[in-house]
Amino acid sequence: QGLFLRLFYPCLPGAGAGQPLWIPRYEYCSGLADFAQHSRRWCAPLLSFAIGSCRVPVSWNGPFKPCSSGYPLIIFSHGLGAFRTLYSSVCSELVSWGFVVAALEHRDHSASMTYFCTAEAGREEWIPYQHVPQGQKEFYFRNKQVHQRAEECVRALQLFRDISSGKSITNTLPQDFDLSVLKDSIDLTKVTVMGHSFGGVTAVLALVKEPSFRCAVALDAWMFPLENVLYPEVPKPILFINTEKFQTPESIGKMKRLSSRNSQTKIITVLGSVHQSQTDFTFLTGKLLKRIFNAGGTLDPYKGLDIISRAALAFLQRHLNLEEEFHQWDNLLEGIGDSVVPEAPFCRSSL
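As the structure is a prediction and not an experimental result, all values here were calculated from the model. (Residues numbered from 1 in each chain as written. Predicted model: local features only at pLDDT ≥ 70, side-chain atom pairs only at ≥ 80, totals over all residues. Heavy atoms only, no water.)

A. Layout of the overall build of the protein chain. When helices and strands are tallied, the protein chain shows 9 helices and 10 strands. In terms of C-alpha radius of gyration, the protein chain reaches 19 Å, essentially the compact-globule figure of 20 Å for 351 residues. Taken over the C-alpha atoms alone, the protein chain extends approximately 50 × 50 × 40 Å along its principal axes. Classification of the 351 residues of the protein chain by burial places 52% in the buried group. Within the protein chain, contacts between residues at least 6 apart in sequence are counted, and of these 72% link residues at least 24 apart. (Helix = DSSP H or I, 4+ residues; strand = E, 2+ residues; numbered from the N terminus. Rg over C-alpha atoms; globule rule 2.2 N^0.38 Å. Buried < 20%, exposed > 50% of the residue type's maximum accessible area, 1.4 Å probe, protein only. Contact = heavy atoms within 4.5 Å.)

Here you go:
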């Protein structure tokens, strides 16, 4: 029950606003250790020491900047073993261009760690990452998860509908942000879903489940968990932004099935990038950390972020009917530009 998300929104400059921790609690370091299949005993304290004090360069609970026409809304779905804060760079970049982004933390055991608050006030129950149980086929295990994740994306959209209609929303986490300030500031006719890896295929499935999502942006989508029978039912355009070292011919074949049905669906590949290049991990310094998280692409992280955000903005302008200047980056959607190619060059996958 309920939803867990981090909300990124345009805010007014405010003096003294604190910056939130990137890794919100020590338990998430333990979860990352479990997901990476390293011992909690040494890996969790090491991660806490190395990255536990990192902060996201945004204002925590900063004053919301109202928008009379309403901000377009992006629901963001994280990858396997990630959680709500690990895509802060791409989420805050998109917000800086005039969006509201709701970064979900999924409760299907695919987050490296998450928790919920029980009916007893203040009591937390933790949900750890779950590897595929022995003897169970991975497809069936992951397929069940991707359906739960897509349902959570749909429920997130419903949450913003409820806020817009003036319903009183209970937030069980104690904080100063009043959700009612969003009431007339979200444009619910301009809604999209976006995600990375497992979140990328979650975004594709969310298009099937919720007609109000007008398009999807899938960052290095892991297409494996989606059943074949659903491909003909995907009704809307998708932008697939792949990295150079992750995709398999089978996964690309599934993307091409979708692009053959919809000429507005685009597939591009960012050269010099690896799977984690589309997460915040790419901004970490230090060889050991990059090795633990396989985040060592050759492309400059800031350049990679520029390509992802500009391609996404050009695509969203086209399909959300935005009146911005994002069409200046339309060439990226055709795979034209520095470090970008159309479709997917075949290479050895890390899958």
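B. Structural view of the sheet that holds strand S7 (residues 216–219). Ordered in space as S1-S3-S2-S6-S7-S8-S9-S10, the 8 strands form an open sheet in which the pairing is mixed. If you trace the sheet from one side to the other, it starts and ends with strand S1 (5–8) and strand S10 (340–342), each paired once. For this sheet the average axis-to-axis angle between neighbouring strands, irrespective of direction, equals 20°. As paired elements, strand S6 (residues 186–196) and S7 share 4 bridges and run parallel to each other. Within S7, the residue paired with histidine 196 across the bridge is leucine 219. The strands touched by helix H8 (residues 301–320) are strand S2 (71–77), S6, S7, strand S8 (238–243), strand S9 (266–270) and S10; relative to S8, the strand with the most contacts, the crossing angle is about 170°. (Pairing = 2+ DSSP bridges. Axes fitted to C-alpha atoms, helices over the stretch in contact; angles between N-to-C directions.)

C. A look at the UniProt feature "active site" (unreviewed entry) in the protein chain. Sequence positions flagged by UniProt for "active site" (unreviewed entry) are, in local numbering, Ser197, Asp220 and His275. Look at the named residues: they lie 79 residues apart in sequence, but the longest C-alpha span between them is just 8.1 Å, so in the fold they bunch up. Relative to the helices and strands, serine 197 resides in the loop between S6 and helix H5 (198–209). Residues in contact with serine 197, not counting those within four places in the same chain, are Gly79, Leu219, Asp220, Ala221, Trp222, Phe246 and His275. Along the chain, histidine 275 turns up in the loop between S9 and helix H7 (287–292). (UniProt positions renumbered as here; feature names shortened; annotations may be inferred.)

D. Spotlight on unusual backbone geometry. Although it is not a glycine, serine 197 sits at a positive phi angle of roughly 60°. Classification of serine 197 as buried rests on a relative accessible area of 7%. Here the phi dihedral of asparagine 321 falls at roughly 55°; this positive angle occurs in a residue that is not glycine. Mapping asparagine 321 onto the fold places it in the loop between H8 and helix H9 (330–333).

E. Here's a closer look at the packing of aromatic side chains. Summed over the entire model, instances satisfying the criterion amount to 18 aromatic pairs. Between the aromatic rings of phenylalanine 35 and tyrosine 129, the centroid separation amounts to 5.0 Å while the plane-to-plane angle is 85°, which identifies the pairing as edge-to-face. With a gap of 94 residues between them, phenylalanine 35 in helix H1 (residues 26–35) and tyrosine 129 in the loop between strand S5 (124–128) and helix H4 (138–164) connect regions that are remote in the sequence. Seen in terms of ring centroids, phenylalanine 139 and phenylalanine 224 are 5.9 Å apart; in terms of plane orientation they differ by 90°. Their pairing is edge-to-face. On the criterion of sequence distance, the pair formed by phenylalanine 139 in helix H4 and phenylalanine 224 in the loop between S7 and S8 is long-range, its members being 85 residues apart. With a relative accessible area of 23%, phenylalanine 139 lands in the partly exposed category. One aromatic cluster in this structure is built from Phe4, Tyr28, Phe83, Tyr115 and Trp126. (Phe/Tyr/Trp six-rings, centres within 6.5 Å; stacked < 30°, edge-to-face > 60°.)

F. Structural context of helix H2 (residues 40–51). The first and last C-alpha atoms of H2 sit 15 Å apart over 12 residues, in line with the 16 Å expected at 1.5 Å per residue. Capping the start of H2 is the job of one residue whose side-chain oxygen sits 3.1 Å from the backbone nitrogen of arginine 41: serine 39. (Expected span 1.5 Å × (residues − 1). Polar contact = N/O pair within 3.5 Å; in protein donor to acceptor, adjacent residues only side chain to side chain.)

G. Highlighting the packing of helix H3 (residues 88–96) against H8. With their axes 10 Å apart at the nearest point, H3 and H8 run at an angle of 45° to one another. If you check the angle between H3 and H8, you find them oblique. Relative to H8, H3 is oriented so that their crossing is right-handed. In this structure, H3 contributes Ser89, Val90, Glu93 and Leu94 to the contact, and H8 contributes Leu305, Ile308, Ser309, Ala312 and Leu313. (Parallel < 35°, antiparallel > 145°, perpendicular 65-115°, else oblique. Left-handed = near helix turned anticlockwise from the far one by under 90°.)

H. Geometry of H3. Along H3, the residues that are buried comprise Ser88, Ser89, Val90, Cys91, Leu94 and Val95. Contact partners of the buried residues in H3: S1, S2, strand S3 (100–104), S6 and H8. Trailing H3 by a residue or two, glycine 98 shows a phi angle of about 100°, which is positive.

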